[in-house]
Amino acid sequence: MSYPQVDPQPNFPALEESTLNYWLADDTFAASVAQNDVGESGGNEFIFYDGPPFANGLPHYGHLLTGFVKDAVPRYQTMRGKRVERRFGWDCHGLPAEAEAERQLGISGRQAITDYGIEKFNDYCKVSVLEYTNEWKRYVNRQARWVDFENDYKTLDLTYMESVMWAFKTLWDKGLIYEGFRVLPYSWALETPLSNTETRMDDAYKQVQDPALTIGFQLDSGEELLAWTTTPWTLPSNLALAVAPDVVYVAVKKNDRTYILAESRLEAYAKELDGAVTVTTMKGSDLVGRHYTPLFPYFAKQSNAFRVLAGDFVTTDEGTGVVHLAPGFGEDDQRACDLAGIDLVVPVDSRGRFTAAVPDYQNVLVFDANPPIIRALKDQGVVLRHETYDHSYPHCYRTGTPLIYMAVSAWFVNIAAIKKRMLELNDEICWVPEHLQHGSFGKWLENARDWNISRNRFWGSPLPVWKSDDPAYPRIDVYGSIDELQRDFGRIVTELHRPAVDDLVRPNPDDPTGTSMMRRVPEVLDCWFESGSMPFAQVHYPFENQQWFEDHHPGDFIVEYIPQTRGWFYTLHVLATALFDRPAFSTCVSHGTILGDDGQKMSKSLRNYPDPMKVFDTHGADAMRWYLLSSSILRGSDFAVTEEGIRDTVRQVMLPLWNSWYFLSLYANAESIKGELRNDSPHVLDRYIFTKLRSVVEETSVAFDAYDLFGACQKIRTFLDVLTNWYIRRSRDRFWVG
């Protein structure tokens, strides 16, 4: 028999399992890497950075799609003679891990964790965050992705955390880290501020209905300046009003009350102000400096407060053209009041509840306080309109609860100082699709704000900052290595997690009385800071592997989905710019979002997508690989995964290719003929298929070199059509006669 006997009805999943078993026994992946030399100074290496996923949940199609790209590109580069190491990594710290641990333990909030015990809680996080590692390995291996799990890195490893510590200290020494008291997006459910990056995560913004009030603030001259707000709970903290200096405002009188609002907004209040008579008009600048009566008594004695300010952020798109300012709960509010010398007030605690400073609503969650606050204002007779406002509002991406914006103490990376350089270095990166360079990513860089990198939490790399506990003898120490800690604290350091690192306490060297102590600040680092440290922290740079890192940075290739332009891609770029003055990666492939079969984002609760492992077992991983890599999602579009689509891939791609093999084996074996490698046939169909084969090799190589996997798939699909529907069909008579 010239060829193996080929089953006309193949079981693709079983064939794949057989191949996987062979690869495992043969150690084929390791051999494929080892066959290509590193080259001088790593010159023959193709550098791939694998973004670390969380392992506290099962992989979904988004992970699998990215995994297929992470496999296809390195396989291609290996075939081109490059050495491609592929090291897997695990994201272990941060809010995702803590939120899952809280859920499993049935506790919630910082106090509950403290009562449970920080050490016990972090020990639980350490176990739970790696709960699904074996399942991840099973999925990744089943999808036929070649990756090194044996030499993986984890962000919880001591070596990794020390490199992160070094990065923080280096930024501090460069003047790029500071502590500030700023209005930030704040998760009262997790009791921590978030970064602007985290407010742009998947599904962070949700459509909500909020109460909107138009309130009359009585000026010292008797008129009522109308302001509009969708956060009534901030009104007890009101300290100023803002107007647009160049906008025309109008005073209208109805009955015995005179209202002032932007002239262009008068029509929007036609119902409430029906019959009102215009008294006068004025510019916003004419209102600046006017004083008004506070709505509530809580902060009535606040210095410099309760006056009208000019605001460049005031618009007349909606509302009244007047903005109420509560500087403890709004970024623009804080900026305007700072310039006016008005100190902010923050009568809300870490759980989002009013403090004793607002006794009427003490211990009430701010959102729950809206109804009684509205009733109180209506009783005062200052509400002109009460309506329901439909809008998109940010929510905590881990708990799903609405965020508040609140002034809190936090630590920041000074993005403003490096923004220009970040934009310049972005021009050196190849983006696929190309429009991301100056689109999603470029625009995000242009508008980037200072990065809040501290979290008031427990499970994460600690901020390596120690402060004097006596303000009379101020001192700050920032550490960049374990050796530095051991030198100053006189102890062997084998653990950087809380609470062990918090136990490192020493006398303040600047205190001659010897009574004050140096204690670590309680915050931990944003886990995005850790994932952005991956290129150097995975090899314990700069404590080890310095030359290796220099030979492997920037990376040649990374891939994730488009929202990572505001996540991992961004943090990689920030830290590479700030630490090394170069990009973190040379080429970035970014794909669209995978949707469920109903066109919505995939959701476990909606059950709107087929189980991946079931698809592997039914249709095979190769079918899923082709289905995803040949889809428009790799051109940046969103794409709905359906089992029907995967089934069609088997019918339209897998089976025609298999049938070609079956056809050859069947008729060649019947005639006891074995083919030989030749390219000198004069027959026109043979010359035709040779030409098409040469073309598909060249065109596919060009597409792969440009990281256009979608285009490469189209070239292969076209060739498959030529092979099966033209060459084989038109050559049947020749084959039959031998």
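The rules we used
- Residues numbered from 1 in each chain as written.
- Predicted model: local features only at pLDDT ≥ 70, side-chain atom pairs only at ≥ 80, totals over all residues.
- Heavy atoms only, no water.
- Salt bridge = Lys/Arg side-chain N within 4 Å of Asp/Glu carboxyl O.
- Pairing = 2+ DSSP bridges.
- Helix = DSSP H or I, 4+ residues; strand = E, 2+ residues; numbered from the N terminus.
- Axes fitted to C-alpha atoms, helices over the stretch in contact; angles between N-to-C directions.
- Contact = heavy atoms within 4.5 Å.
- Polar contact = N/O pair within 3.5 Å; in protein donor to acceptor, adjacent residues only side chain to side chain.
- Patch = residues over 30% accessible without salt bridge, like charges linked within 9 Å, V, L, I, M, F, W, Y side chains within 5 Å.
- Areas by Shrake-Rupley, 256 points an atom, 1.4 Å probe, with all protein chains shown as cover.
- Lys, Arg positive; Asp, Glu negative; His and termini not counted.
- Charge placed at Lys NZ, Arg CZ, Asp CG, Glu CD.
- Buried < 20%, exposed > 50% of the residue type's maximum accessible area, 1.4 Å probe, protein only.
- Disulfide = S-S within 2.5 Å.
- Phe/Tyr/Trp six-rings, centres within 6.5 Å; stacked < 30°, edge-to-face > 60°.
- Lys NZ or Arg CZ within 6 Å of the ring centre and 35° of its normal.
- Parallel < 35°, antiparallel > 145°, perpendicular 65-115°, else oblique.
- Arc of directions from axis to C-beta.

Participant: Help me understand the pattern of salt bridges in this model?
Facilitator: Note that side chains of opposite charge can pair when their charged atoms are close. Summed over the entire model, instances satisfying the criterion amount to 44 salt bridges. We note a salt bridge from arginine 351 to aspartate 349, for which the minimum N-O separation is 3.4 Å. Between glutamate 387 and arginine 385 there is a salt bridge whose closest N-O contact spans 3.7 Å. Through salt bridges with shared partners, a single network forms among Arg475, Asp477, Arg487, Asp488, Arg506 and Asp510.

Participant: Would you mind showing me how to read the sheet that holds strand S15 (residues 430-432) here?
Facilitator: The strands that make up a sheet are held in pairs by hydrogen bonds between backbone atoms, and each pair lies either parallel or antiparallel. Strands sit in the order S15-S24-S23 across an open sheet of three strands; the sheet is parallel. Each of the sheet's edge strands pairs with one partner strand only, and the pair in question is S15 and strand S23 (558-561). When the angles between neighbouring strand axes are averaged without regard to direction, this sheet yields 20°. In this fold helix H18 (residues 568-580) packs onto S15, S23 and strand S24 (587-591), with an angle of close to 140° to the strand it touches most, S23.

Participant: I tried to follow the environment of tyrosine 727 on my own but got confused; where do I start?
Facilitator: In this structure, tyrosine 727 sits in helix H23 (residues 709-736). Separated by 705 residues in sequence, tyrosine 727 and tyrosine 22 place their C-alpha atoms 33 Å apart. Leaving out residues up to four positions away in the same chain, tyrosine 727 has contacts with Leu685, Asp686, Ile689, Val722, Arg734 and Phe735. At 2.6 Å, the side chain of tyrosine 727 and the side chain of aspartate 686 are in polar contact.

Participant: What is the right way to read a negative patch on the surface from this model?
Facilitator: Judged by side-chain charge, Glu119, Asp123, Glu495 and Asp503 come together as a negatively charged surface patch. As for its placement among the helices and strands, aspartate 503 is situated in the loop between helix H14 (482-489) and strand S20 (506-507). For aspartate 503, a relative accessible area of 47% translates into the label partly exposed.

Participant: What am I meant to see in the side chain of threonine 401 here?
Facilitator: With respect to the element layout, threonine 401 can be found in the loop between strand S13 (383-394) and strand S14 (404-413). On the accessibility criterion, threonine 401 (17% relative accessible area) is buried. Within polar-contact distance, the side chain of threonine 401 engages the side chain of threonine 399 at 2.7 Å. In this view, threonine 401 contacts Trp188, Ala189, His395 and Cys396; residues no more than four positions away in its chain are not counted.

Participant: Is there a simple way to explain the state of the cysteines in this structure?
Facilitator: Here a disulfide denotes one covalent bond, and it connects the sulfur atoms of two cysteines. Using the criterion set out here, one finds zero disulfides in the structure. Note on cysteine 713: no disulfide assigned, nearest cysteine sulfur contributed by cysteine 430 at a separation of 18 Å.

Participant: What is the right way to look at the sheet that holds strand S21 (residues 517-520) in this model?
Facilitator: With antiparallel pairing, the four strands of this open sheet are ordered in space as S19-S18-S21-S20. Strand pairing shows two members of the sheet lacking a second neighbour, strand S19 (476-478) and S20, which therefore form its edges. With two bridges connecting them, S20 and S21 associate as antiparallel partners. Bridging across to S21, arginine 506 finds its partner in methionine 518.

Participant: Teacher, can you tell me more about unusual backbone geometry here?
Facilitator: Among all residues save glycine, negative phi is the norm, and among peptide bonds the norm is trans. Cis geometry is adopted by the peptide bond preceding proline 499, which originates at arginine 498 and carries an omega value of 0°. Locating proline 499 in the fold gives a position in the loop between H14 and S20. With an omega of 5°, the peptide bond between tyrosine 541 and proline 542 qualifies as cis. Of note in this structure, aspartate 27 is not a glycine but carries a positive phi near 55°. Structurally, aspartate 27 can be placed in the loop between helix H1 (12-26) and helix H2 (28-34). The backbone of asparagine 304 sits at a positive phi, close to 70°, despite the residue not being glycine. If you trace the backbone, asparagine 304 turns up in the loop between helix H9 (284-287) and strand S11 (307-310).

Participant: Looking at this structure, how should I read the packing of aromatic side chains?
Facilitator: How two aromatic rings sit relative to each other is given by the distance of their centres and the angle of their planes. Taken as a whole, this structure holds 45 aromatic pairs when the rule is applied. Aromatic side chains tryptophan 90 and phenylalanine 149 sit 6.3 Å apart centroid to centroid with 25° between the ring planes, which places their arrangement in the stacked category. Of this pair, tryptophan 90 sits in strand S1 (residues 87-90) while phenylalanine 149 sits in strand S2 (residues 148-154), and the two are 59 residues apart along the sequence. The class for tryptophan 90 is buried, based on a relative accessible area of 1%. Assessed through its relative accessible area of 10%, phenylalanine 149 is described here as buried. Here the aromatic rings of tryptophan 431 and phenylalanine 569 are separated by 5.9 Å at their centres, their planes lie at 70°, and the arrangement is edge-to-face. With tryptophan 431 in strand S15 and phenylalanine 569 in helix H18, this residue pair connects regions lying 138 residues apart in the sequence. Here tryptophan 431 and phenylalanine 569 have matching classes, each one buried. Grouped by ring-pair contacts, the aromatic residues Trp166, Phe536, Tyr541, Phe549 and Phe580 constitute a single cluster. One cation-aromatic arrangement involves lysine 120 over tyrosine 116; the distance from NZ or CZ to the ring centre is 4.3 Å.

Participant: So what exactly am I meant to see when it comes to the packing of helix H4 (residues 95-105) against helix H6 (residues 118-128) here?
Facilitator: A pair of packed helices can be characterised by two numbers: the angle between their axes and the separation between those axes. Between H4 and H6, the shortest axis-to-axis distance is 9 Å and the interhelical angle comes to 105°. With respect to each other, H4 and H6 are oriented roughly perpendicular. Across the interface between the two elements, Ala97, Glu98, Ala101, Glu102, Gln104 and Leu105 from H4 touch Phe121, Tyr124, Cys125 and Ser128 from H6.

Participant: When you look at the environment of methionine 518 in this model, what are you seeing that I'm missing?
Facilitator: With respect to the helices and strands, methionine 518 occurs in strand S21. According to the relative accessible area criterion, methionine 518 is buried, its value standing at 0%. Linking methionine 518 and serine 468, residues 50 residues apart in sequence, is a C-alpha distance of 4.5 Å. Not counting the four nearest positions on each side in its chain, methionine 518 is found in contact with Trp466, Lys467, Ser468, Arg475, Ile476, Asp477, Leu504, Val505, Arg506, Pro507, Asn508 and Pro509.

Participant: Before we go on, may I ask you to explain helix H10 (residues 331-339) in this structure?
Facilitator: Because an α-helix completes one turn every 3.6 residues, residues spaced three or four positions apart along the sequence face the same direction. Of all the residues in H10, the buried ones are Asp333, Gln334, Ala336 and Cys337. Against strand S3 (177-187), strand S7 (240-243), S11 and strand S12 (322-325) lie the buried residues of H10. Just downstream of H10, glycine 341 is the residue with a positive phi angle, here 75°.

Participant: Whenever I open this one, the side chain of histidine 591 confuses me. Can you help?
Facilitator: Looking at the element boundaries, histidine 591 is found in strand S24. The buried category is assigned to histidine 591, whose relative accessible area is 2%. Within the structure, the side chain of histidine 591 is placed 2.8 Å from the side chain of threonine 66, a separation counted as a polar contact. Excluding residues within four positions of it along the chain, histidine 591 makes contact with Leu65, Thr66, Val559, Glu560, Tyr561, Ile562, Ile633, Leu634 and Gly636.

Participant: For this particular structure, what's the right way to read the environment of phenylalanine 367?
Facilitator: Relative to the assigned elements, phenylalanine 367 resides in the loop between H10 and helix H11 (370-380). Distance from phenylalanine 367 to tyrosine 397, taken between C-alpha atoms, is 18 Å for residues 30 residues apart in sequence. Filtering out sequence-adjacent residues up to four positions away, phenylalanine 367 remains in contact with Trp188, Trp233, Tyr393, Pro402, Leu403 and Ile404.

Participant: I would appreciate a short explanation of helix H12 (residues 415-426) in the present structure.
Facilitator: Every buried residue of H12 is listed here: Ile415, Ile418, Met422, Leu425 and Asn426. The arc enclosing the buried residues of H12, seen along the axis, measures out at 90°, which places them on a common side. Exposed and facing more than 90 degrees away from the buried side of H12 are Ala416, Ala417 and Lys420. On the buried face of H12, the contacting elements are S14, S15, helix H13 (440-446), strand S16 (451-452) and H18.

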